[in-house]
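This is what each chain is made of:
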Amino acid sequence: MEGLRALLEEGVTAGAFEVGAAWVALEGRPLESAYTEGATPETIWDLASLTKPMAVVTEVMKGVEDGRLTLDEPVTGPGGLKTTIRDLLAHRAGLPAWDDLWRVAESSGDSWIPGSPPVRAAVAARIGALAGTQAGTCYSDLGFITLGWHLERRLQAPLEALVSRWRWGVPRGTPDHLRCVPTGHCDRRGRQALGEVDDLNCWVLGGVAGHAGLFATLDEVGAWALDLANSAADRGGRIDGGVVREFWALERRRDSTWVLGWDTPTPPRSTAGTRASATAVGHLGFTGTSVWIDREQDLVMVLLSNRVALGSASKTIMRSFRPRFHDAIRDLVGR
């Protein structure tokens, strides 16, 4: 714990984040966790793009396991978009990375309401207009928004009902609200983001989307990641190990480091550290969150923080901090 806490304090001192927390599991069991000042085991974090693997990818894994979904089933999106679940998971569905959905929502009327049917229709039309404009592999929030909508149609339930283990935001006035970590002032909303998703595109969609929106505690994120690692190692877990290994298979990669919904190390400067195994899988979140599962080293590492509260300057600092953080954890556990 002392070593983990020292790593987190290094991040604070360097200006990577204001508040942080770390969680480590080794050989299939939780090992240790630590927190900076301002965080406790009860603290609730905006997970940003960890929503992709925690909500959407895990739900697809479950659907493939029980036969409700197939990886190669067609997905018909807005504007005539035709792709598959597999290509959406691998970020090669022909959609660009991002678009300003706030501006899109404004086109639905001056008094637009986040998450309302007119806003959702306007966003769908915009995604349709962008379909096929991106060649090759491109990490795409728009693709995961589309995949989230596909799951809602196929499984006949809203995303927040399909994925109800964690929170989709924490409303003001609730007991949990003050347990949330602030992610900084939002100029467009004119207020501090606390308990509401930092990602504006997700906020435009009502705080629930395939690319962002989940909130959870450190232990909740760690337990989810460890459960998948144990599934893949055939030592228990909620999902069949063969399904998890199929999603993580390196041969799934084409012109990128992406497998199905997960990234793999990018040598020589992976955020997973300089000693990450080739079969490691992970994902980052814009707010300063990450999960790395190194199967060869039997090691799970979770980092949660509020990087965005320090502004754009923290992005470069965080980029250099992450590899040091993961290498130092390997030193602590002898990996």
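Just so it is clear, the model here is predicted, and its values are computed rather than measured. (Residues numbered from 1 in each chain as written. Predicted model: local features only at pLDDT ≥ 70, side-chain atom pairs only at ≥ 80, totals over all residues. Heavy atoms only, no water.)

Caption draft 1: Summary view of the pairing of strand β2 (residues 29-35). Summarising the sheet, strand β1 (residues 20-26) and β2 pair through six bridges and their orientation is antiparallel. Residue pairing for β2: Trp23 is matched across the bridge by Ser33. Counted between consecutive antiparallel strands, the loop separating β1 from β2 contains two residues, among which Glu27 sits at a positive phi close to 55°. (Pairing = 2+ DSSP bridges. Helix = DSSP H or I, 4+ residues; strand = E, 2+ residues; numbered from the N terminus.)

Caption draft 2: Focus on unusual backbone geometry. Despite not being glycine, His91 shows a phi value in the positive range, around 60°. Within the fold, His91 resides in the loop between α3 (85-89) and α4 (101-106). The backbone of Asp234 shows a phi angle near 55°, a positive value even though the residue is not glycine. With respect to the helices and strands, Asp234 occurs in the loop between α9 (218-232) and α10 (241-248). The class of Asp234 is exposed, set by a relative accessible area of 55%. (Buried < 20%, exposed > 50% of the residue type's maximum accessible area, 1.4 Å probe, protein only.)

Caption draft 3: Structural detail: the pattern of salt bridges. Counted according to the given criterion, the structure contains 22 salt bridges. Residue Glu59 pairs with Lys62 through a salt bridge whose shortest N-O separation is 3.3 Å. Within this pair, Glu59 and its partner Lys62 are both found in helix α2 (residues 51-66), separated by three residues, close to a single helical turn. Given the relative accessible area of 5%, Glu59 is considered buried. According to the relative accessible area criterion, Lys62 is partly exposed, its value standing at 33%. In this structure, the salt-bridge partner of Arg68 is Glu59, at a minimum N-O distance of 3.7 Å. Assessed through its relative accessible area of 33%, Arg68 is described here as partly exposed. (Salt bridge = Lys/Arg side-chain N within 4 Å of Asp/Glu carboxyl O.)

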